[in-house]
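# Structural features, examined
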Amino acid sequence: MSAATLCPHQWSWDVAFIALGNSYGKTDRAIQEIQFLFDAQWKMEWSHILYLMIKKKTYFPAADFYEIRRSPEPPMHIGTSGMTQPPVHANSCYYIHVNSTDKSKIKTFLRNMVPKLMNFHRYLLTDRDPEETGLVTILHPRESGEDDSPIWDLPLSKISFTESELPVFKRLDVVAVEGASETIPSDEEYNIFIYMIEIMKKYNYDEKIMYEKMPFKIKDLLFSSILYIANKHLLKIINILESPDNVENSTRGNKSNEDANEETSIEYSKIRQVVLGWLARTERNYYRYFLPPYYSKMGKDELSLFLD
C-alpha cells in the first residue's frame, strides 16, 4: 500500500519491492505479499499481473472504473486494473529464498510460483512483443512505473480527443493530500490517462486489438531491462528447485520417488530452455542499441554483439 489515503491499493511492482524488503526478517509477510498479488492474476492464455484495487474510495480510478468484467479473463473474486507493471517479482521470490532460514518451506513457495512467473513473463514476451524483439511494449504510461515522468511528454502530446470522449469523474488525489496539485499530474495529463483507459475498455481489454489501436505504444527500455534481469533470477530459482534439500536424506533407492524426481527434472529442464530462449532473443536485439543490463559484467560474447 503506497499511502493510507492517496494510493490505498496494492500496486504490482511496489509489492515486489515490499516483499524484497520483508525478506530480510519477515519471511511470512514477504510470501503473503507475493501470493496475494498473484492470486489476482488474469486467466488469459498467457496470464499477466495487474495491480490490485481495494474498495476504499480515496483514489480515482478505483477498481470499478476499469470495468474489467468486459473481458472474460479477469479474476472474479477481486477488483483489479486492466494494466500491467514491471516484473520485479521473480527477483523478490529469489531473495525470499536467499534470506530465509527455512529453505525447504521456501522451495515449496517457489514451486508454486514458477508457473505463475512463467505465465507473466511469457505474456510480456508474446502479447506485448509480437514482433519478437525481446523488448516489451507498454500501452499506458502507468504500466512503466514512471507514469509521471517527463519522458512521456512527447508521445502524450500527440494524443488528441474531445471532451465528449471522457467520462465524468472527480480527481480524489488532489483532495486526499494538501498541496498535491503542485506535484502530481496536471488535469490535462490526467485526462489523457483516463482517455486511454476508456480505449482499453472499449476494446474489452483484448490484447491484440489494443496493441493495434492504442495511441500510446512504446518499447520501454527500463521495463525490458527489468524483465531481462527477472528472467536471470527465474533461472536461479529453477537451479534452486533442482537441487536436493539434503543429500543424506535423498530418496535414492525408492523407485517411485526416483521416477517423480526425473519427471520434475525434465519439467524444469524444459522451463530453463524457454527462459534461455527469451534471454537470447533480448540479447540479440537489445545489446545492439542500448546500454545492456549488467554492463559491468559483460564478457567477450556480449561485447562482440556491438561489433556485428
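Use the structure listed above.
A brief structural summary. All values derive from a computational prediction rather than experimental measurement. (Residues numbered from 1 in each chain as written. Predicted model: local features only at pLDDT ≥ 70, side-chain atom pairs only at ≥ 80, totals over all residues. Heavy atoms only, no water.)

## Quick word on the overall build of the protein chain
- Scanning the protein chain from terminus to terminus reveals 12 helices and 4 strands.
- Sorting the 308 residues of the protein chain into buried and exposed places 48% on the buried side.
- By sequence separation, contacts in the protein chain at least 24 residues apart represent 75% of the contacts at least 6 residues apart.
- For the protein chain, the accessible area works out to roughly 15800 Å², and carbon and sulfur atoms hold 52% of it. (Helix = DSSP H or I, 4+ residues; strand = E, 2+ residues; numbered from the N terminus. Buried < 20%, exposed > 50% of the residue type's maximum accessible area, 1.4 Å probe, protein only. Contact = heavy atoms within 4.5 Å. Areas by Shrake-Rupley, 256 points an atom, 1.4 Å probe, with all protein chains shown as cover.)

## Here's the deal with the environment of cysteine 93
- Looking at the secondary structure, you find cysteine 93 in helix α4 (residues 89–98).
- In this structure cysteine 93 comes out as buried when scored by relative accessible area, which is 0%.
- C-alpha of cysteine 93 to C-alpha of alanine 30: the two residues are 63 residues apart in sequence and 8.7 Å apart in space.
- Sequence-distant contacts of cysteine 93, that is, excluding residues within four places in its chain, are made with Ile34, Phe109, Leu110, Met113, Leu117 and Ile237.

## Concerning the side chain of serine 71
- Its location among the elements puts serine 71 in the loop between α3 (63–66) and β2 (79–80).
- Apart from residues lying up to four places away in sequence, serine 71 is in contact with Trp42, Asn204 and Tyr205.

## Topic: the packing of helix α5 (residues 103–124) against helix α10 (residues 221–242)
- Relative to each other, α5 and α10 sit at 145°, their axes nearing to 10 Å. Crossing geometry of α5 relative to α10 is assigned as left-handed. Here Lys107, Leu110, Arg111, Val114, Leu117, Met118, His121 and Leu124 of α5 lie close against α10, whose contacting residues are Phe223, Leu227, Ala230, Asn231, Leu234, Ile237, Ile238, Ile240 and Leu241.
- Of the residues assigned to the contact of α5 with α10, the class counts are 13 nonpolar, 2 polar and 2 charged. (Axes fitted to C-alpha atoms, helices over the stretch in contact; angles between N-to-C directions. Left-handed = near helix turned anticlockwise from the far one by under 90°. Nonpolar A, V, L, I, M, F, W, Y, C, P; charged D, E, K, R; others polar.)

## Structural notes on unusual backbone geometry
- Unusually for a residue other than glycine, glutamate 67 sits at a positive phi of about 50°.
- Relative to the helices and strands, glutamate 67 resides in the loop between α3 and β2.
- The class for glutamate 67 is partly exposed, based on a relative accessible area of 35%.
- Even without a glycine there, the phi angle at asparagine 204 is positive, about 55°.
- You can call asparagine 204 partly exposed: its relative accessible area is 35%.

## Here's the deal with the pattern of salt bridges
- If you walk through the whole model with that rule in mind, you get 12 salt bridges.
- Taking the shortest distance from any N to any O, the salt bridge between glutamate 33 and arginine 29 comes out at 3.0 Å. Note that glutamate 33 and arginine 29 are positioned in helix α2 (residues 27–38) at a spacing of 4 residues, about one turn of the helix.
- For glutamate 33, a relative accessible area of 10% corresponds to the buried category. (Salt bridge = Lys/Arg side-chain N within 4 Å of Asp/Glu carboxyl O.)

## As for the packing of aromatic side chains
- A complete count under the given rule lists 7 aromatic pairs for this structure.
- Judged by centre distance (4.5 Å) and plane angle (15°), the ring pair of phenylalanine 161 and tyrosine 195 falls under stacked. Taken together, the positions of phenylalanine 161 in the loop between α6 (153–157) and α7 (172–176) and tyrosine 195 in helix α8 (residues 187–202) put the pair 34 residues apart, joining distant regions of the chain.
- The exposure class assigned to tyrosine 195 is buried, which follows from its relative accessible area of 12%. (Phe/Tyr/Trp six-rings, centres within 6.5 Å; stacked < 30°, edge-to-face > 60°.)

## Topic: helix α1 (residues 12–22)
- The set of residues buried in α1 consists of Ser12, Trp13, Val15, Ala16, Ala19 and Asn22.
- Those residues of α1 that are buried are in contact with α2, α4 and α10.

## Brief notes about the nonpolar core
- Ranked by size, the top nonpolar core spans 68 residues in total, and within it Ile34 and Phe109 carry the most contacts.
- Here this core gets 11 residues from one element, more than from any other, and that element is α10.
- Aside from chain neighbours lying at most four places away, what touches phenylalanine 109 is Ile31, Ile34, Gln35, Cys93 and Ile96. (Core = buried A, V, L, I, M, F, W, Y, C linked by side-chain atoms within 4.5 Å.)

## Section: the packing of α4 against α10
- For the pair α4 and α10, the least separation of the axes is 8 Å and the interaxial angle reads 35°. Here the hand of the crossing between α4 and α10 comes out left-handed. Counted together, Ala90, Asn91, Cys93, Tyr94, Tyr95 and His97 of α4 and Ile229, Ala230, His233, Leu234, Lys236, Ile237 and Ile240 of α10 form the full contact between these two elements.
- Considered class by class, the residues forming the contact of α4 with α10 number 9 nonpolar, 3 polar and 1 charged.

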